[in-house]
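Summary of structural features
In case you want the letters, here they are:
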Amino acid sequence: MVLAISVLSGVTVAYDLPNEENEVIILVDASFSNTESEVEKNDFLQTVIQSNGGDFKLGIVTFGYDQVYAVELTNDMRNVYTDYLRAPLPDDSATDIEAALKYTAGLFTNPDGGRIVLVTDAVETDGVANNVIKSIAAEGVTVDTVYFRNNRLGDE
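Summary of the structure given here. Given the structure is predicted, the values throughout are model-derived calculations rather than measurements. (Residues numbered from 1 in each chain as written. Predicted model: local features only at pLDDT ≥ 70, side-chain atom pairs only at ≥ 80, totals over all residues. Heavy atoms only, no water.)

Brief notes about the sheet that holds strand S4 (residues 114–120)
- Pairing is mixed across the open sheet formed by five strands, whose spatial order is S3-S2-S1-S4-S5. Only two strands of the sheet have a single partner each, and these edge strands are strand S3 (67–74) and strand S5 (142–147). Across the sheet, the mean angle from the axis of one strand to that of its neighbour is 15°, orientation sign disregarded.
- Alignment of S4 against S5, held across six bridges, turns out to be parallel. Residue pairing in the sheet places Val-117 in a bridge with Asp-144 of S5.
- The sheet strands contacting helix H4 (residues 97–105) are strand S1 (23–29), strand S2 (57–63), S3, S4 and S5, and the helix crosses S4 at an angle near 155°. (Pairing = 2+ DSSP bridges. Helix = DSSP H or I, 4+ residues; strand = E, 2+ residues; numbered from the N terminus. Axes fitted to C-alpha atoms, helices over the stretch in contact; angles between N-to-C directions. Contact = heavy atoms within 4.5 Å.)

Some remarks on the layout of surface pockets
- Roughly 220 Å³ of internal volume is contained in the largest pocket.
- Ala-30, Glu-38, Tyr-84, Leu-89 and Pro-90 are, among the 15 residues lining the largest pocket, the residues nearest its centre.
- Going through the elements one at a time, helix H2 (38–52) and helix H3 (80–86) are the ones with two or more residues in the lining of the largest pocket.
- For the lining of the largest pocket, the element with the most residues is H2, which contributes three residues.
- Broken down by class, the residue content of the lining of the largest pocket amounts to nine nonpolar, three polar and three charged. (1 Å grid on protein atoms, 1.4 Å probe; cavity = no way out; pocket = protein on both sides within 12 Å on 5 of 7 lines; lining within 4 Å. Points joined across faces, edges and corners; volume = space filled by probe spheres on them. Nonpolar A, V, L, I, M, F, W, Y, C, P; charged D, E, K, R; others polar.)

Some words on the pairing of S3
- Of the pairings in the sheet, the one linking S2 to S3 comprises five bridges and is antiparallel in character. Within the sheet, the bridge partner assigned to Val-61 lies in S3 and is Tyr-69.
- Connecting S2 to the next strand, S3, in antiparallel fashion are three residues.

Some points on the packing of aromatic side chains
- Per the stated rule, a full pass over the model turns up two aromatic pairs.
- Centre to centre, the rings of Phe-44 and Phe-148 are 6.5 Å apart; their planes meet at 70°, and the pair counts as edge-to-face. Separated by 104 residues along the polypeptide, Phe-44 in helix H2 and Phe-148 in the segment after S5 bring together distant segments of the chain.
- With a centroid separation of 6.1 Å and an interplanar angle of 40°, the aromatic rings of Tyr-81 and Tyr-84 are classed as tilted. (Phe/Tyr/Trp six-rings, centres within 6.5 Å; stacked < 30°, edge-to-face > 60°.)

Some words on the packing of H4 against helix H5 (residues 130–138)
- Following both chains from N to C, one finds H4 and H5 inclined at 15°, their axes separated by 8 Å at the closest point. Here H4 lies roughly parallel to H5, going by the angle between them. Crossing handedness for the pair H4 and H5: left-handed. Seen from H4, the contacting residues are Glu-98, Leu-101, Lys-102 and Ala-105; seen from H5, they are Asn-131, Val-132, Ile-133 and Ile-136.
- Across the contact of H4 with H5, the residue classes tally to five nonpolar, one polar and two charged. (Parallel < 35°, antiparallel > 145°, perpendicular 65-115°, else oblique. Left-handed = near helix turned anticlockwise from the far one by under 90°.)

Function-wise, these values are silent; they only describe arrangement.
Below, the structure written as structure tokens:
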């Protein structure tokens, strides 16, 4: 009877349950042509890190011609940004988004809950990102992009 009265009167119960199996890796273009937007990229990263609060695992990979796993997947957001800044830099002489996506997709412990956020100017000198995105999506990993404009197209 109490249940029937509750349903008819519109009483609801809501709760927030974070899914700690979700994993997000921010894939940051650190090639020479993308250094122009460094401040905007860093502001974006700080916003993502501050908004997380440990609800999901977060990691950061930087890339150019090669890749650097700057911050391993973690729920502890206290040192993520400083670890990112202290990480070694990749070879910035070229941009291989395809290889970076393949590398990053292999880092997930739970591909079904994985998401790659690609932060780039979209200028590629090696590989073709479209070739690999469908295969990554077939594994269950979602790929999102954040575009930062580049006025230095001839630098790589």
